[in-house]
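Residue-level structure breakdown
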Amino acid sequence: MTATRTPEAAAGPVVPPPPGPAARRFGPALRWLGPVARRAGSGLAVLWAAATAAYGALRLAPGDTVDILIGEGADTPGIRAQIIREWGLDRPEIVQYVGYLGRLLHGDLGRSYQLQRGVGDILATQVGPTVRLTLAAAATGVLLALAVALGTAGRARRLRRAASAAELVSVSVPPFVIGILLLTVFSFTLGWFPVSGAGDPTALVLPALALGLPIAGVLGQVLREGLERALEQPFALTARSRGLTERALVARHALRHALLPAVTLVGWFTGVLLGGAVIIEALFGRPGLGQVTMLAVTGKDMPVVMAVVILSAVVYVAVSTLLDLAYRLIDPRLRSVR
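What this report covers is the structure whose coordinates are included nearby. Computed from a predicted structure; not experimentally measured.

With that settled, consider the overall build of the chain. Across its full length, the chain holds 14 helices and two strands. Burial analysis of the chain (338 residues in total) assigns 33% to the buried set. Restricting to contacts in the chain with at least 6 residues of sequence separation, those with at least 24 account for 71%. Just so you have it, the chain exposes about 19400 Å², and 67% of that area is on carbon and sulfur atoms.

Following this line, the structure appears as structure tokens:
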């Protein structure tokens, strides 16, 4: 039997037309649009879940909702009437829940009935010192990790073992213990840094070290292992055969390969920074969200606690979104994944 060929088969494979000027111009932007939109959608779902969990904790707590919102503040008929009016407690529960979400969408975090101030105003006055502390701690941890990893990757075994032992100690010791040791040596004994406060810029050094050293320990281990694996890859052998120096090989090629697993840990150390800031700010007598959170928890100021939970979720979503974009910048292979 003779095989028959269709006109399409006789004409050969169909070649798609080349992309037009608009596709060439906006193609890279469109490849980023889908992942960003998906990340934004999942971020909104996380924020909704956090807000719902905070609201559920308030409504499921034993006792009257008005009593819970008042906490240890002044209890007067006027304040009770204000709470009922602002939270819509005289309306059906679904209306109360929708009204709560609506206030959040408009940026209204509620009111602290103990301090008689808006929760947004309270957090706004304290977020600056916490941001400065966390950024300084993050920069300290990343720079120390890079320095140790670049200085020990591929070097003598004794040097790598010493670095690993130091990293293990920094990870194992809690940040508040590191803070106490730093205070004892550099503040009480040597007098180089202030014991407490945030007025002097040097007062940021010890808290940033206390928070940043555990981060440096973990990141240093991951970066060094990534660098050593990258230096054993075929591309490293090719680069060496072309006369590229070891330092240039690490800076141009190996470091990019080692950064991807390290960037994955950014989400982890964001939680470490937020959680550690509560203790470190109290230890060093610094203002910030940590002090506000501790006072709100001990004073049973539920609106402030709920707002801190939601703010933490916002930070997590923002960091996760930036991480997803950073993956695609570091590894070009991920840019084609939609």
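There is more to say, and it comes next.
Moving on, we get to the packing of helix 6 (residues 119–152) against helix 7 (residues 157–172). Packing of helix 6 against helix 7 leaves a shortest axis separation of 9 Å and a crossing angle of 160°. With respect to helix 7, the element helix 6 is oriented roughly antiparallel. Pair helix 6 / helix 7 crosses with left-handed handedness. Along its contact with helix 6, which presents Val148, Gly151 and Thr152, the element helix 7 presents Leu159, Arg160, Ala163 and Glu167. Of the residues in the contact of helix 6 with helix 7, the class split is three nonpolar, two polar and two charged.

Any empty space left between atoms is shown by rolling a water-sized probe over those atoms. Evaluated as defined, the whole model comprises one cavity of 30 Å³ or more. In this structure, the largest cavity spans a volume of roughly 50 Å³. Taken together, Phe193, Pro194, Val195, Ser196, Gly197, Thr202, Ala203, Leu204, Val205, Leu206, Pro207 and Phe284 form the lining of the largest cavity. Class assignment of the residues belonging to the lining of the largest cavity gives a composition of nine nonpolar, three polar and no charged.

Ranked by internal contacts, the top residues of the largest apolar core, which has 25 residues, are Ala210, Leu211, Leu219, Phe269, Leu273, Ile280 and Phe284. Going through the elements one at a time, helix 6, helix 8 (175–189), helix 9 (205–230), helix 11 (246–264) and helix 12 (266–283) are the ones with two or more residues in this core. Ranked by residues supplied to this core, first place goes to helix 9 with eight residues. Those residues in contact with Leu273 that sit more than four places away from it in its chain are Thr134, Ala137, Ala138, Leu211 and Ile215.

Turning our attention to the packing of helix 6 against helix 9. Here helix 6 crosses helix 9 at 35°, and the two axes come no closer than 6 Å. Where helix 6 crosses over helix 9, the two elements pack in a sense that is right-handed. Residues belonging to the contact of helix 6 with helix 9 are distributed by class as follows: 20 nonpolar, five polar and two charged.

Centre distance and the angle of the planes are the two values used to describe a pair of aromatic rings. Tallied over the full model, the rule gives five aromatic pairs. Ring plane angle 15° and centroid distance 6.0 Å describe the contact between Trp87 and Tyr100, whose orientation is recorded as stacked. Pair noted here: Trp87 is in helix 4 (residues 77–87) and Tyr100 is in helix 5 (residues 93–105), with a separation of 13 residues, a long-range link. Considered together, Trp87 and Tyr100 belong to a single accessibility category, that of buried residues. Between Phe186 and Trp192, the aromatic rings sit 5.8 Å apart at their centres with planes inclined by 40°, giving tilted as the arrangement. The ring of Trp87 has Arg103 sitting right over it, with the charged end atom 5.0 Å from the ring centre.

Our next topic: unusual backbone geometry. The phi dihedral of Gln116 is positive, around 55°, even though this residue is not glycine. With respect to the element layout, Gln116 can be found in the loop between strand 1 (111–112) and strand 2 (117–118). Residue Lys300 is not a glycine yet carries a positive backbone phi of 55°. When you line up the elements, Lys300 lands in the loop between helix 13 (289–298) and helix 14 (302–330).

In this model, helix 8 (15 residues) spans 20 Å end to end at C-alpha, consistent with the 21 Å of a helix rising 1.5 Å per residue. Taking the largest bend as the criterion, helix 8 deviates by roughly 30°, centred on Leu183. Taken residue by residue, helix 8 has Ile178, Gly179, Leu182, Leu183 and Ser187 as its buried positions.

Analysis parameters
- All residue numbers refer to position in the chain's written sequence, counted from 1.
- The predicted nature of this model means local features are confined to residues of pLDDT at least 70 and side-chain atom pairs, given and counted, to a pLDDT of 80 or more, with totals for whole chains, interfaces and linings taken over all residues.
- Side-chain measures were taken over the full set of non-hydrogen atoms in the model, leaving aside hydrogen atoms and water.
- Secondary structure follows DSSP: runs of H or I at least 4 residues long count as helices, runs of E at least 2 residues long count as strands, and numbering of each begins at the N terminus.
- When a residue's accessible area, from a 1.4 Å probe over protein chains only, is under 20% of the maximum for its type it is buried; when over 50% it is exposed; and in between it is partly exposed.
- Note on contacts: a residue pair qualifies if any of its non-hydrogen atoms lie within 4.5 Å across the two residues.
- Using a 1.4 Å probe, the Shrake-Rupley method yields the accessible areas, and only the shown protein chains count as cover for residues.
- Angular values range over 0 to 180 degrees, each being the angle between N-to-C directions of two axes fitted as lines to C-alpha atoms, with helices fitted over their stretch in contact.
- In what follows, roughly perpendicular refers to angles from 65 to 115 degrees, roughly parallel to angles under 35, roughly antiparallel to angles over 145, and oblique to any angle outside these ranges.
- For a crossing to be left-handed, the near helix must be turned anticlockwise from the far one by less than a right angle; the clockwise case is right-handed.
- Three classes are used: nonpolar for Ala, Val, Leu, Ile, Met, Phe, Trp, Tyr, Cys and Pro, charged for Asp, Glu, Lys and Arg, and polar for all others, with Gly counted as polar.
- Note on definitions: the grid is 1 Å and covers protein atoms alone; a cavity is a set of points where a 1.4 Å probe fits but cannot get out; a pocket is an open set with protein on both sides within 12 Å along at least five of seven lines; lining residues have an atom within 4 Å of a point.
- Grid points are joined across faces, edges and corners, and a volume is the space filled by probe spheres set on the points.
- Definition of nonpolar core: a set of buried residues of the types Ala, Val, Leu, Ile, Met, Phe, Trp, Tyr and Cys, connected through side-chain atoms within 4.5 Å.
- Centres within 6.5 Å make a pair out of two Phe, Tyr or Trp rings, where for Trp the six-membered ring is used; the pair is then stacked when the planes are under 30 degrees apart, edge-to-face when over 60, and tilted otherwise.
- Charges are assigned to positions over rings by a cutoff of 6 Å between ring centre and Lys NZ or Arg CZ, combined with an angular limit of 35 degrees from the ring normal.
- Multiplying 1.5 Å by the residue count of a helix minus one yields the expected span of that helix.
- What we call the bend at a residue is the angle made by axes fitted to the seven residues finishing there and the seven residues starting there.

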